[in-house]
Amino acid sequence: MAPPTQTTSAPSPTPSQTDPASKGSPANTPEAQALFNKVAEQGEQVKKLKAEKAPKDQVDAAVKSLLDLKAHYKTLSGAEYKPASGAGREDKRKEKENQSEKQSKKQGGEARRGKELTREQDMSAGSGGAGEGQGPKKQTRLGLESKKEENLADWYSQVITKAEMIEYYDVSGCYVLRPWSFAIWETIKSFIDAGIKKLGVENCYFPMFVSQAALEKEKSHIADFAPEVAWVTRSGKTELAEPIAVRPTSETVMYPAYAKWVQSHRDLPIKLNQWCNVVRWEFKHPQPFLRTREFLWQEGHTAFATKEEAAEEVLLILELYAQVYEELMAIPVVRGRKTEKEKFAGGDYTTTVEAFISASGRAIQGATSHHLGQNFSKMFDITFEDPKRPGEKQFVFQNSWGLTTRTIGVLTMVHGDNMGLVLPPRVACLQIIIIPCGITASLPEEERDTLLQKCSQYLDRLMKIGIRAKADLRDNYSPGWKFNHWELKGVPVRVEVGPRDMKSSQFVAVRRDTGDKLTIKEDEAENRMRDLLEEIQTNLYTRASNDLKKHMVVADSMEQFQKEMDQGKIVQIPFCGEIECEDWIKKTTAKDQDVEPGAPSMGAKSLCIPFKPLQELKAGQMCVSGKEPAKYYTLFGRSY
């Protein structure tokens, strides 16, 4: 399998760290102190590289890491990094927030909902957390400080932390998946599990450790993964007799067992899948979900008697992956085959679904389905007796296929906006949030209780028809704070219910994707909300699809290709398929300037040979290099 790998950024704030009510200054927390030291160390590293006149790409990478660390320190501590900085820097800001809170307490009533929301949207940074406990009213800084179109890397970091998707960890490249993001993964998992079981695939689990002898059995396979393999070399203080690898993928873990299990054609096919974690200890620029040292995935490993059976399954699985993106996550993908340079190491060919992130002008590999041919069965001696050829051993044909938690990062980048995460309803663990409004000091307690009861009734009605809903009845947060909180977390629909709404037998529904407000009659709640969720799902897919069509073009010359690339597009070009030519294209299209703030310069790489190209090759058409005849249009672009 060949999905991503990663390393780590610096910690971002938790609600308790950003909350003015927290004990002590945020800059004095252990996390902030540790991060302060990391920034100082990285600063010294940058100075050293510059003094030694190191290569530009090394300096750029070090500077990028320093800027990321400083940005996270600012988010965590609430202040710019300064070598001699101390605590107590937020007094004036806290005073203003306290004044704002006093003003918000004076205001009430449904007619002032809009003003209340606007005022609280103006507050920036640090989500206040998802705790359900009651307690004294508190004010937290809420919202994003960076804009997606201005600083994508910082925007992304803020969204995934403030939407409570991840928490940073003290092992580089590893992250805590919080319930909000893990619920998305569980939805994806359920979708895939149902799909593969229809194809006769069974789930299993193999150990995460693999012996050195097994890992190195398939030479071209291990050569591709060698720099990323993590090794266990010691138990306590005792050196192991032989180092043991932590799986980067499980072909070499599973196939010795396949050799034992397969004796005759009656033992085939074998169709197994496992949901597990893998480790790829690489040192490229880390981004949570997109490139991490440890990630979750499913990996399927199947064995067949004939090549035709295996080839058919490769495409069935690829289509299932495309459905995960398009039907579940509302993200259009390009289906195709990888070039020889980009195919899975040790396989015959690799098929892929590729997504596009217009904010960066870069593509990203969504999932892959590989046909391994007989390469691994020959290495691991997975053979069977063919009744058509008595006494003659035949090697099985194998596939492997996988999809990872990278999907969550793609989802965030494609649909997210400057107010936070935007979740398509089908993948959202919470589709509708119900919020009572207009509860003021002057509202009689009986009316207050009736209002809360009405919210609970709406909740029961929606849950009975299978809608994933919740009522936020916490009394230590204002309605405006709740609006922003759930908006930041990407909940597709917000339902607002106030005293006047009850009297009119109606409620207000607010769409997360467009911000449109709809007034809906109480007796139409079930039908209208069900339809609204489907409308949002369709709109998000249509919007992303139009974006992809706008940014995927054809170019027949190198000059036009470079021009389109520099405008943030992915480009289908006539290509000869040679590895040397692909290397030349990547080198030729590399830019001197950064692709995005903080990102290293990069050239174009092949993404896939599309099954359905935008146009067909003309007779005698040459490769974009002008040296060899073109074999097919190939999609190239800058990529994660």
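Thresholds applied
Residues numbered from 1 in each chain as written. Predicted model: local features only at pLDDT ≥ 70, side-chain atom pairs only at ≥ 80, totals over all residues. Heavy atoms only, no water. Pairing = 2+ DSSP bridges. Helix = DSSP H or I, 4+ residues; strand = E, 2+ residues; numbered from the N terminus. Axes fitted to C-alpha atoms, helices over the stretch in contact; angles between N-to-C directions. Core = buried A, V, L, I, M, F, W, Y, C linked by side-chain atoms within 4.5 Å. Buried < 20%, exposed > 50% of the residue type's maximum accessible area, 1.4 Å probe, protein only. Contact = heavy atoms within 4.5 Å. Arc of directions from axis to C-beta. Left-handed = near helix turned anticlockwise from the far one by under 90°. Nonpolar A, V, L, I, M, F, W, Y, C, P; charged D, E, K, R; others polar. Salt bridge = Lys/Arg side-chain N within 4 Å of Asp/Glu carboxyl O. 1 Å grid on protein atoms, 1.4 Å probe; cavity = no way out; pocket = protein on both sides within 12 Å on 5 of 7 lines; lining within 4 Å. Points joined across faces, edges and corners; volume = space filled by probe spheres on them. Phe/Tyr/Trp six-rings, centres within 6.5 Å; stacked < 30°, edge-to-face > 60°. Lys NZ or Arg CZ within 6 Å of the ring centre and 35° of its normal. Parallel < 35°, antiparallel > 145°, perpendicular 65-115°, else oblique.

1. Observations regarding the sheet that holds strand β5 (residues 230–235)
- In spatial order, the strands read β4-β6-β5; together these three strands make up an open sheet with antiparallel pairing. Only two strands of the sheet have a single partner each, and these edge strands are β4 (209–211) and β5. The mean inter-strand angle of the sheet, taken between neighbouring strand axes irrespective of direction, is 45°.

2. Some words on the nonpolar core
- If you look at the biggest cluster of nonpolar residues, it comprises 58 residues, and the most contacted ones within it are M165, I188, I192, M329 and L403.
- Considering each element in turn, this core owes the most residues, eight residues, to helix α11 (residues 307–328).
- When neighbours within four sequence positions are excluded, M165 is seen to be in contact with I160, V176, L177, R178, W180, S181, I184, F289, I408, T412 and L421.
- By size, the runner-up hydrophobic cluster in this structure holds 25 residues, among which are A330, L459, I467 and A525.

3. Remarks on helix α19 (residues 579–588)
- Taken together, the buried positions of α19 are occupied by C581, E582 and I585. Seen from one end, α19 has its buried residues packed into an arc of 100°, which puts them on one side. Looking at α19, the residues exposed on the side facing more than 90 degrees away from the buried face are E580 and K587.
- Elements that come into contact with the buried residues of α19 comprise α18 (558–566), β21 (570–575), β22 (605–610) and β23 (632–637).

4. Here we look at the packing of helix α6 (residues 152–162) against helix α13 (residues 406–415)
- The geometry of α6 relative to α13 is characterised by a closest axis approach of 11 Å and an angle of 115° between their N-to-C directions. In this structure, α6 crosses over α13, and the sense of that crossing is right-handed. On the side of α6, the interface is formed by L152, W155, Y156, V159 and I160, while α13 contributes G409, T412 and M413.
- Across the contact of α6 with α13, the residue classes break down as six nonpolar, two polar and no charged.

5. Side note on unusual backbone geometry
- With an omega of -5°, the peptide bond running from L268 to P269 counts as cis.
- Structurally, the position occupied by P269 is in the loop between α10 (251–261) and β7 (270–279).
- Phi is positive for A330, close to 60°, though the residue is something other than glycine.
- Summarising the element assignment, A330 is placed in the loop between α11 and β9 (334–337).

6. Overview of the pattern of salt bridges
- A complete count under the given rule lists 23 salt bridges for this structure.
- Residue R461 pairs with E526 through a salt bridge whose shortest N-O separation is 2.8 Å. One end of the pair, R461, is in helix α14 (residues 445–464); the other, E526, is in helix α17 (residues 525–551), with 65 residues separating them in the sequence.
- Among the residues examined, R461 registers a relative accessible area of 24% and is labelled partly exposed.

7. Brief notes about the sheet that holds strand β8 (residues 294–304)
- Across the sheet, 11 strands lie side by side as β3-β7-β8-β14-β11-β10-β9-β22-β23-β21-β20; this open sheet has mixed pairing. Looking at the sheet topology across the chains shown, the edges are occupied by β3 (202–203) and β20 (552–554).
- As judged from the three bridges shared by β22 and β23, these two strands associate in the antiparallel manner. Residue pairing in the sheet places S606 in a bridge with F636 of β23.
- Here α13 sits on the sheet and contacts β10 (349–357), β11 (362–373) and β14 (397–404); the angle it forms with β10, its principal contact strand, is near 30°.
- Across the sheet, α18 lies against β20, β21 and β23, angled at about 160° from β21, the strand it touches most.

8. Comments concerning empty space enclosed by the protein
- Under the criterion given, the structure shown has four cavities of 30 Å³ or more.
- Its volume calculated, the largest cavity comes out at about 70 Å³.
- If you trace the largest cavity, you find it lined by I433, F483, W486, E487, V491, P492, V493, R494, V510, R511 and R512.
- Elements supplying a minimum of two residues to the lining of the largest cavity: α15 (479–488), β17 (493–497) and β18 (506–511).
- Among the elements that take part in the lining of the largest cavity, α15 stands out by supplying three residues, more than any other.
- For the lining of the largest cavity, a count of residues per class yields seven nonpolar, no polar and four charged.

9. Looking at the packing of aromatic side chains
- Across all of its chains, the model carries 13 aromatic pairs by this definition.
- Arranged with centres 5.7 Å apart and planes meeting at 70°, the rings of Y168 and Y175 form a pair that is edge-to-face.
- In this structure Y168 comes out as buried when scored by relative accessible area, which is 7%.
- Under the relative-accessibility criterion, Y175 is labelled buried at 15%.
- With centroids separated by 5.0 Å and ring planes inclined at 65°, the aromatic side chains of Y458 and F507 adopt a geometry described as edge-to-face. With Y458 in helix α14 and F507 in strand β18, this residue pair connects regions lying 49 residues apart in the sequence. You'll find Y458 and F507 in the same group, each marked buried.
- Aromatic rings pair up to connect F206, Y255, Y258, W261, F376 and F380 into one cluster.
- The ring of Y640 carries the charged tip of R362 above its face, separated from the ring centre by 3.8 Å.
- The aromatic ring of W584 is capped on one face by K627, whose charged end is 5.7 Å from the ring centroid.

10. Some details on the environment of T187
- Position of T187 among the secondary structure elements: in helix α7 (residues 179–198).
- Between the alpha carbons of T187 and L328 there is a distance of 8.8 Å; along the sequence they are 141 residues apart.
- Among residues more than four places away in sequence, those in contact with T187 are L328, R426 and V427.

11. Things to note about the pairing of β14
- The buried fraction of β14 amounts to eight of the eight residues, a majority that puts the element mostly inside the structure.
- Burial along β14 is two-sided: the face carrying F397, N399, W401 and L403 and the face carrying Q398, S400, G402 and T404 are both buried.
- Of the pairings in the sheet, the one linking β8 to β14 comprises eight bridges and is antiparallel in character. Directly across from T302, in β14, lies its bridge partner N399.
- Pairing of β11 with β14, which is carried by five bridges, proceeds in the antiparallel orientation. Its bridge partner lying in β14, H370 is registered against S400.

12. So, the packing of α18 against α19
- α19 packs onto α18 with a crossing angle of 55° between their chain directions and a minimal axis gap of 11 Å. Comparing their axes, α19 and α18 come out oblique. Along this stretch, α18 crosses α19, giving a crossing that reads as right-handed. Contacts between α18 and α19 involve M558, F561 and Q562 on the former and, on the latter, W584, I585 and T588.
- Class assignment of the residues belonging to the contact of α18 with α19 gives a composition of four nonpolar, two polar and no charged.

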